[in-house]
Amino acid sequence: MKYQLVSSLIVGVIIMSCTSTDNPFFTEWDTPFQVPPFTRIETKHYLPALLVGIEKQRTEIETIVNNPELPSFKNTIEALETTGQFLERVENVFDNISSTGATDELDNIEREFKPRKSHHRDDILLNEKLYQRIKNVYNKQNRSILTIEQNTLLDKIYRDFVRNGANLTDAQKVDLRQINQDLALLTMEFGQNIRKEIENWEMILENESDLAGLPERVVTMAALLAEERGKPGKWLFTLDKPSWIPFLQFSERRDLREKIYMAYINRGNNNDQLDNKARINKIVNLRIKRGNLLGYATHADYVLERSMAKNPASVYELLNKLWEPALRRAKTEAAEFQAYIDREDGDFQLQSWDWWYYTEKVCKEKYNLDENQLRPYFEINNVRDGAFAVANKLYGITFTERSNIPVYYPEVKVFEVKEADGTHLGILYTDYHPRVGKYAGAWASGFRSQSNRNDHWVTPITINVCNLSRPTGDQPALISFSEVETLFHEFGHALHGLLRTRTYTDQVMPRDFVELPSQIMENWAAEPVVLKEYARHYQTDEPLSEELIEKLHASQLHNQGFEMTEYLAASILDMDWHTLTETNDLNPIEFENASFKAMGLIPEIISRYRSPYFNHIFSGGYSAGYYSYIWAQVLESDAFQAFKDTDLFNQELAARFRKYVLGLSGTRDAMEIYREFRGQDPQIEPLLVKRGLFVEQ
Ligand SMILES: [Zn+2]
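Conventions adopted
- Residues numbered from 1 in each chain as written.
- Predicted model: local features only at pLDDT ≥ 70, side-chain atom pairs only at ≥ 80, totals over all residues.
- Heavy atoms only, no water.
- Helix = DSSP H or I, 4+ residues; strand = E, 2+ residues; numbered from the N terminus.
- Expected span 1.5 Å × (residues − 1).
- Buried < 20%, exposed > 50% of the residue type's maximum accessible area, 1.4 Å probe, protein only.
- Contact = heavy atoms within 4.5 Å.
- Donors = N, O, S within 2.8 Å, 3.2 Å for Na, K, Ca; no water.
- Pairing = 2+ DSSP bridges.
- Axes fitted to C-alpha atoms, helices over the stretch in contact; angles between N-to-C directions.
- 1 Å grid on protein atoms, 1.4 Å probe; cavity = no way out; pocket = protein on both sides within 12 Å on 5 of 7 lines; lining within 4 Å.
- Points joined across faces, edges and corners; volume = space filled by probe spheres on them.
- Parallel < 35°, antiparallel > 145°, perpendicular 65-115°, else oblique.
- Nonpolar A, V, L, I, M, F, W, Y, C, P; charged D, E, K, R; others polar.
- Left-handed = near helix turned anticlockwise from the far one by under 90°.

Q: Please clarify how helix H7 (residues 148-163) should be interpreted in this entry.
A: Every α-helix carries 3.6 residues per turn, so stepping three or four residues along brings you back to the same face. Spanning 16 residues, H7 covers 22 Å between terminal C-alpha atoms, matching the ideal 22 Å at 1.5 Å per step. Summarising burial for H7: 12 of the 16 residues are buried, a large majority. Among the residues of H7, Glu-149, Gln-150, Asn-151, Leu-153, Leu-154, Lys-156, Ile-157, Tyr-158, Asp-160, Phe-161, Val-162 and Arg-163 are the ones counted as buried. On the buried face of H7, the contacting elements are helix H3 (73-81), helix H5 (104-125), helix H6 (128-140) and helix H13 (299-304).

Q: Would you mind going over the coordination of the zinc ion with me for this structure?
A: Metal coordination angles in their ideal form are 109.5 degrees for the four-donor tetrahedron and 90 or 180 degrees for the six-donor octahedron. Taken together, His-489 (NE2), His-493 (NE2) and Glu-515 (OE) make up the protein donors of the zinc ion, found 2.1 Å from the metal. Read N to C, the donor residues that coordinate the zinc ion are spaced as H-x3-H-x21-E. With His-489 in helix H18 (residues 481-498) and Glu-515 in helix H19 (residues 511-526), this residue pair connects regions lying 26 residues apart in the sequence. The class of Glu-515 is buried, set by a relative accessible area of 3%.

Q: Would you mind going over the sheet that holds strand E5 (residues 424-431) with me for this structure?
A: Pairing between sheet strands relies on hydrogen bonds along the backbone, with the strands arranged either parallel or antiparallel. The strand order across the open sheet built from five strands is E3-E4-E5-E7-E6, with neighbouring strands paired in mixed fashion. Edge positions in the open sheet fall to strand E3 (398-401) and strand E6 (443-448), since each of these has one partner strand only. Recorded for the sheet is a direction-independent mean angle of 25 degrees between the axes of neighbouring strands. Summarising the sheet, strand E4 (residues 413-418) and E5 pair through six bridges and their orientation is antiparallel.

Q: Just to check I follow, could you spell out helix H12 (residues 277-293) for this structure?
A: Its 17 residues give H12 an end-to-end C-alpha distance of 25 Å, which sits within 8% of 24 Å, the value for a rise of 1.5 Å per residue. Residues Lys-277, Arg-279, Ile-280, Asn-281, Ile-283, Val-284, Asn-285, Leu-286, Arg-287, Ile-288, Arg-290 and Gly-291 constitute the buried set of H12. Taken together, the buried residues of H12 touch helix H8 (170-200), H13, helix H22 (560-578), helix H23 (588-599) and helix H24 (615-618). Positive backbone phi, at 95 degrees, marks Gly-295, one or two positions downstream of H12.

Q: Is there a simple way to explain the layout of surface pockets in this structure?
A: A water-sized probe rolled over the atoms picks out the places where empty space is left. A volume near 710 Å³ is recorded for the second largest pocket. If you trace the second largest pocket, you find 22 residues lining it, with Gln-85, Arg-89, Arg-448, His-456 and Val-458 closest to the centre. Within the residue set of the lining of the second largest pocket, elements represented by two or more residues are helix H4 (85-100) and E6. Ranked by residues supplied to the lining of the second largest pocket, first place goes to H4 with five residues.

Q: What is the right way to look at the packing of helix H17 (residues 380-395) against helix H26 (residues 651-664) in this model?
A: To characterise two packed helices, one gives the angle between the axes of the helices and the distance between these axes. Where H17 contacts H26, the two axes come as close as 8 Å, and the packing angle between them is 100 degrees. In terms of axis orientation, H17 runs roughly perpendicular to H26. Where H17 approaches H26, its residues Lys-393, Leu-394 and Tyr-395 are matched on the opposing element by Gln-651, Ala-654, Phe-657, Arg-658 and Leu-662. By residue class, the composition of the contact of H17 with H26 is five nonpolar, one polar and two charged.

Q: In this structure, what is going on with the packing of helix H25 (residues 628-645) against helix H27 (residues 670-678)? I would like to understand it.
A: Relative orientation of the contacting elements H25 and H27 amounts to 15 degrees, with a least axis distance of 11 Å. Here H25 is positioned roughly parallel relative to H27, judged by the angle of their axes. Here the hand of the crossing between H25 and H27 comes out left-handed. Contact residues: H25 offers Leu-635, Asp-638, Ala-639, Gln-641, Ala-642 and Phe-643, while H27 offers Tyr-674, Phe-677 and Arg-678. Its residues placed into classes, the contact of H25 with H27 shows six nonpolar, one polar and two charged.

Listed below in structure tokens is the structure:
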């Protein structure tokens, strides 16, 4: 109570000082489609707007709580769902800007804001009067007069409160608040440390002999990077994927491969101020405490309640089913590489930093293919247009580049998305290349999400953020096939954002479902008829030849053992961390080594993520959820099989996919949605076949 009073006073002062200084967050946006007016937003505008956002939502909640009328769906559930829109508008911009162009100033704002946001969230979820109203509606509401989506929303909001401690005693609520605040801070610091680890590390090469084996494109990129960072005439490599992966693939300097890979896998584990080990322990322990407080055996039980998998046992079941065939295949690959080493390169044992290099060598030998032959066919704009063309053939929608809509960074592009009949559908921003201050990885998010409250249709504004190879010198951005898949993947998330048809935005979107719309798009990227359209040589406009397509397909099964194994190892590690039942003072490195040993992971393969830089689970929202990708792959492979069995652009199937999977997801149970689309339960076989892991029983 005291805190609230003090904080309202502070905010009151800030509101007065800010509304007068023309902060764009306090005005209507008169930009096309009301996109954020990026050119007018300055760093100093965020914090005041974020704090006012919290205050506004607090007032909105007070109004609901003090409503003298009896609680009803409309005056309580629907009313609660509409609160916080101002805050969301500011946060959407802030989150995107701070993750694509972080600065110390933005980091500080984040540090200031995140604990307050967590406190605010608890103020809502632990508001006793509000909970009593919700409980009242939940128990007394005549369900038959609500729509399916309204019923889902009512259940969701009621469970939100229960899952966040509404039924706890006052003393327990105080504990829970503290846990949530500590977690908010720790997970944020975890992510910031990893970003700084990437920014701080560089490998400068001064002699041409250090570049042995590297393709010209990679050398040019490294030279440009060195120049950018004030070291002209040298070559610079970083821990960004477009830099370290090609180095590992092609560098003949085994010692330097080891150096860069060791730096990569030791991020957050260097016993300095950016070390994350102690933080991991604290995070894991706090999660166990919270789970126990709320009546769950483990953090994983708490998280998975809201997934399609439902519980840790079914997650482990799927992971274990895949682990054996994946590891068996990985061992075959390791033996193949060792044989190549023994024959060609001399007397040493294959190590983890050699894997990418020999994947390339053996792939070239087996399929007479190396990725440099393919890159000229994957000019980034052609690839992007290829993704647009697939969406057009499936759903009739179109994408038009617009130059008169503000962007937040010069190389960001913006597209207007329209229905076949020309109706405006939404906006898509694309932000494809790495730069200083941009978090690693690829993701999709948005500045505004689709809704239809009170029959008022709000169109979505979506973003695709990636870290794909950038243009070098006079060459356009030529990307690898794996980067092509990333581009299609994120575009799939964007389509999900663009084609929703919901009333409310407050929804449970199970993690293990959400990767279905994205991963299914990767299938079209690899289909010959689609490739022939978009994969055109950037100089000659020649389409990719039959021969190269066949080689590409054959080579796609190459290295599947490794890819599955490194992914599954990380997924199992995540589950092992989050099924712990007792708090402990663990050494995270010892813990993960024990976990890998129990799996039987071979030393030549390092888990895709080791604990000290496992952002997904210790900073992002994927704790007890990294398995989601493979869960969704079962769905996605099964769903795509329906297209393959009939027609890649089967209009009737596409319409059902759009209506149910993209349109109605979140408005009802995810498995029901899937069955509506597919007419049956998902099968695992299409995934096993696609990954080359299928064994005839
Ligand atoms: Zn994804």
